[in-house]
Structure formats: structure tokens, C-alpha cells
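Close look at the chain arrangement
Single-letter residue listing:
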Amino acid sequence: MTGVAATLFAARQSAAKRLAAGLGADATPALDARLLIAAAIGVAPDQLLFLDDRLLSEPEIRAIEQAILRRLAGEPVARIVGEKEFWGLSFRLSEATLVPRPDTETLVEATLAWIDRSGRHDEALRIVDIGTGSGAILIALLSALPNAIGLGIDLSEQAARTARDNAERLGVADRSRFIVGAWSDSCGQFDVIASNPPYIVRDVIRTLDQEVRDHDPMLALDGGMDGLDAYRAILHDLERVMAPKGATFLEIGFDQAAALRAMARSVGLDASVHPDLAGHDRVVELHRID
Ligand code: GLN
């Protein structure tokens, strides 16, 4: 007999209790239980609470049990359910994609704020997302900008496929293209350059949270010896790729703003820094100096 009881209410209670006991102090057991059970039985998470009396079938009980055991073994909820919400949209994940983080919404916000300030909301802006992963940044921007078109680039073919799948499911496939390759493979110019590149210092990766270290792809985390390799590559090509009145938005680690300011200055760009909701430096916005 498994530890999962036969009504949804009982299953939720028991799962939350087991997760609370088995996960650390920062855990969110009730929320995790809701998301895992909803996915295991194919119900929307916000519907689950209305179905408390629903009886569970044996296969459903087994599916829930499996999800709970994976969570207790330290796997992130988003990996188990294969989806993560970002910018109010639900993104499918694969092994090759980072789980989109709420912090990265700061980048989308900063980008949209600049576009609105420039009065370009309805223009056919050309956007490129470097290291697109699940496509979260690009697809969020395209969903907010009715006439923009976008290119997502990723070194991983599996990531590019996941991003394309997300673009189709989220209704922006006709305005987006995804290619496998390095950033420098892109041609043409872009009005908006966006990226959440790998920026973790290589030696720091092993000290990260187990849920990140063991489940997010290394390619999306490893920023080289000083964490800045990807920024060097991007800034190297920016002059060629950024349109004359364009702007670039890069996610950064909380302690990388000074380095990015210095790098921007050395290639003649103006840099401003945006904090995330926790108040940490999170996004650098780059413009040409007029
Ligand atoms: N923000 C991610 C983390 O802290 C890192 C993502 C990245 O390197 N771009 O795990």
C-alpha cells in the first residue's frame, strides 16, 4: 500500500505532510503537493481545490506517489511536472533547458519599459534571445509586443526544439524562429538583444543549491573561470549586431554589475542596472553612447 489516500483532499494533506517532513525549511510543501498532484492526475492546479471529494483511481494514486518520491529525492517540482510558469505563460521544459526563474521576469520588464519609453511598442521590432533555452524570454516579449519578430539561438538542439514547441503552444510561432548555434552565427541586426547567459563562476557551481546543481543543464550555468565568458562573447559582437537605436538586456549574477559596467565602458556602451524583486542587481541594460 502506498502512502497516498483515496480522496484528493486526503492525498493533498498527506503529500503536504510528507513533503514538509522531508524537505528543508525553505520548502513550500502545500504548494508543491498541489502542483505535483494536479500534474499527476491531469487537472489544472487552480482547479484542484474544487475537487477535494474526488476519488482517486489506483493508477492516479501510483502516479502521485511517484511524483512525491521524486520530490522527496530533491528533484524540483518544475522538472517533475515538466512545466514552469513564467510571465503568466506556461513553458514546457526539457533536460537541456534551465527552469525559468521569477528573477528573469526583471529582464522582460526592463526590456518592455525601454520599448514603451521609446514609443516603439507597436513597431515590428527585431528581437534576438541568445541562449534561449525554453524560449521564455523571447516568447514573453513576443506575447507582449504584437508586431515584434524574434530569433532564439541556443547551442543545444534539444533546447531549440523545446523553445520552438513552446512558441507553437503559446501562439507566437509565426513571429519566431529558432536556430541551433553560437551567438556569433546570427546575421543581421536586432533592435533588442536579450540574454540570460550562463554566468556562474565555474568553481561556485558545486556550491549551488542541489536542485540547481543536479537538475539544471551545466551549459546554461557555467560562465567559465570568472563567470564572465558569455558576456565577453556577446559584447565582442554587439557593435555589429545591435541596430543603431537598439538596446541590449543581459541577466547578471547579483555581484556582477561592476564587472559588466567596466566591460560596457571598454566597448563604448552606456550601462544601467536593474534590481530584481529581492533588491539584487539582476539585469544590465546597454545602449550606445550618443
Ligand atoms: N539564475 C540562475 C541561478 O542562480 C543562473 C542562471 C544563469 O547562469 N544564467 O541558478
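Right above here is the structure, for reference.
This part is about the layout of surface pockets. Empty space within the largest pocket amounts to approximately 1400 Å³. Contributing to the lining of the largest pocket are 37 residues, with Pro76, Val77, Ala78, Lys84 and Val99 lying nearest its centre. Broken down by secondary-structure element, the contributors of at least two residues to the lining of the largest pocket are helix 2 (29-41), helix 5 (77-81), strand 1 (83-86) and helix 9 (210-213). For the lining of the largest pocket, the element with the most residues is helix 2, which contributes five residues. The element that contributes the greatest number of residues to the lining of the second largest pocket is helix 10 (residues 229-241), accounting for four residues.

Let's shift gears to the packing of aromatic side chains. Evaluated as defined, the whole model comprises two aromatic pairs. Taking 6.2 Å as the distance between ring centres and 70° as the angle between the ring planes, the aromatic pair formed by phenylalanine 86 and phenylalanine 91 counts as edge-to-face. Measuring from ring centre to ring centre gives 6.0 Å for tryptophan 114 and phenylalanine 249, while their planes differ by 50°; the resulting arrangement is tilted. One end of the pair, tryptophan 114, is in helix 6 (residues 105-117); the other, phenylalanine 249, is in strand 7 (residues 242-251), and 135 residues separate them in sequence. Residue classification places tryptophan 114 among the buried positions, given a relative accessible area of 6%.

Before going further, it helps to spend a moment on unusual backbone geometry. Residues other than glycine seldom take positive phi values, yet tryptophan 87 does so here, at roughly 55°. Checked against the element boundaries, tryptophan 87 lands in the loop between strand 1 and strand 2 (89-92). On the accessibility criterion, tryptophan 87 (25% relative accessible area) is partly exposed.

The next point concerns the site of the ligand. Looking at the ligand, the residues that line it are Leu98, Arg101, Asn196, Pro197, Pro198, Tyr199, Ile200, Val212, Ala220, Leu221 and Glu251. In the environment of the ligand, a nitrogen atom lies 2.6 Å from a nitrogen or oxygen atom belonging to the backbone of proline 197. Alanine 220 is positioned such that a nitrogen or oxygen atom in its backbone is 3.3 Å from an oxygen atom of the ligand. Notes on the ligand: free accessible area 300 Å², of which the protein chains cover 87%. In terms of residue class, the shell around the ligand is built from eight nonpolar, one polar and two charged.

In terms of burial, strand 7 is largely enclosed, as eight of its 10 residues are buried. Two elements, strand 6 (residues 190-195) and strand 7, share five bridges in a ladder whose sense is parallel. Residue isoleucine 193 lies in a different strand from strand 7, and its bridge partner there is threonine 248. In the sheet, strand 7 pairs with strand 9 (residues 281-288) via four bridges, with the strands oriented antiparallel. Across the sheet, threonine 248 pairs through a bridge with leucine 286, a residue of strand 9.

The complete set of buried residues in helix 11 (residues 257-266) reads Ala257, Leu260, Met263 and Ala264. One face of helix 11 carries all of its buried residues, which in axial projection span an arc of 125°. Opposite the buried face of helix 11, at more than 90 degrees from it, the exposed residues are Ala258, Arg265 and Ser266. Those residues of helix 11 hidden inside the fold are in contact with helix 10, strand 7, strand 8 (269-275) and strand 9. One or two residues past the end of helix 11 sits glycine 268, with phi positive at roughly 75°.

With that out of the way, let us pick up helix 6. Quick reminder: α-helices carry 3.6 residues per turn. Residues three or four places apart thus point the same way. Under the 1.5 Å per step criterion, the end-to-end length of helix 6 is 18 Å for 13 residues, consistent within 8% with the ideal 18 Å. Within helix 6 the residues assigned to the buried category are Thr106, Leu107, Val108, Ala110, Thr111, Leu112, Trp114 and Ile115. For helix 6, the elements touching its buried residues are strand 1, helix 7 (136-144), strand 6, strand 7, strand 8 and strand 9.

The final tally for this structure, using the stated rule, is 25 salt bridges. Put simply, arginine 161 and glutamate 157 hold a salt bridge, and the shortest N to O gap is 3.6 Å. You can see arginine 161 and its partner glutamate 157 sitting in helix 8 (residues 157-169), four residues apart, about one turn around the helix. Relative accessible area serves as the criterion here: at 48%, arginine 161 is assigned to the partly exposed category. Beyond isolated ion pairs, a larger network of salt bridges with shared partners links Glu83, Arg92, Asp165 and Arg169.

The rules behind these values
- Counting from 1, residues in each chain are numbered in the order their sequence is written.
- Whole-chain, interface and lining totals are the exception, using all residues; otherwise, since this is a predicted model, local features are given only for residues with pLDDT of at least 70 and side-chain atom pairs are given and counted only at 80 or more.
- Side-chain calculation: all heavy atoms of the structure are included, whereas hydrogens and water are not.
- Both cavities and pockets are sets of points on a 1 Å grid over the protein atoms alone; in a cavity a 1.4 Å probe fits but cannot get out, in a pocket the set is open with protein on both sides within 12 Å along at least five of seven lines, and lining residues sit with an atom within 4 Å of a point.
- Grid points are joined across faces, edges and corners, and a volume is the space filled by probe spheres set on the points.
- The secondary structure listing takes helices from DSSP runs of H or I that are at least 4 residues long and strands from runs of E that are at least 2 residues long, numbered from the N terminus.
- Aromatic contacts are taken between Phe, Tyr and Trp rings whose centres are within 6.5 Å, Trp giving its six-membered ring; a plane angle under 30 degrees counts as stacked, one over 60 as edge-to-face, and the others as tilted.
- Any residue under 20% of the maximum accessible area for its type is buried, any over 50% is exposed, and the rest in between are partly exposed; the area is computed with a 1.4 Å probe on protein chains only.
- Throughout, the term near means that a residue has one or more heavy atoms lying within 4 Å of the molecule or strand in question.
- Polar contacts, as used here, are pairs of N or O atoms within 3.5 Å; protein pairs need one atom able to donate a hydrogen and one able to accept it. Residues neighboring in sequence count only if both atoms are side-chain atoms.
- Each accessible area is a Shrake-Rupley estimate made with a 1.4 Å probe; only the visible protein chains count as cover when residues are assessed.
- Classification convention: Asp, Glu, Lys, Arg as charged; Ala, Val, Leu, Ile, Met, Phe, Trp, Tyr, Cys, Pro as nonpolar; all other residues, Gly among them, as polar.
- Think of it this way: DSSP has to see at least two bridges between two strands before they count as a pair.
- To be clear, the arc concerns the directions from the helix axis to the C-beta atoms.
- Whether two residues are in contact is decided by their heavy atoms, any of which lying within 4.5 Å being enough.
- Expected helix span is taken as 1.5 Å per residue step, with the number of steps being one fewer than the number of residues.
- Salt bridges are counted wherever a side-chain nitrogen of Lys or Arg sits within 4 Å of a carboxyl oxygen of Asp or Glu.

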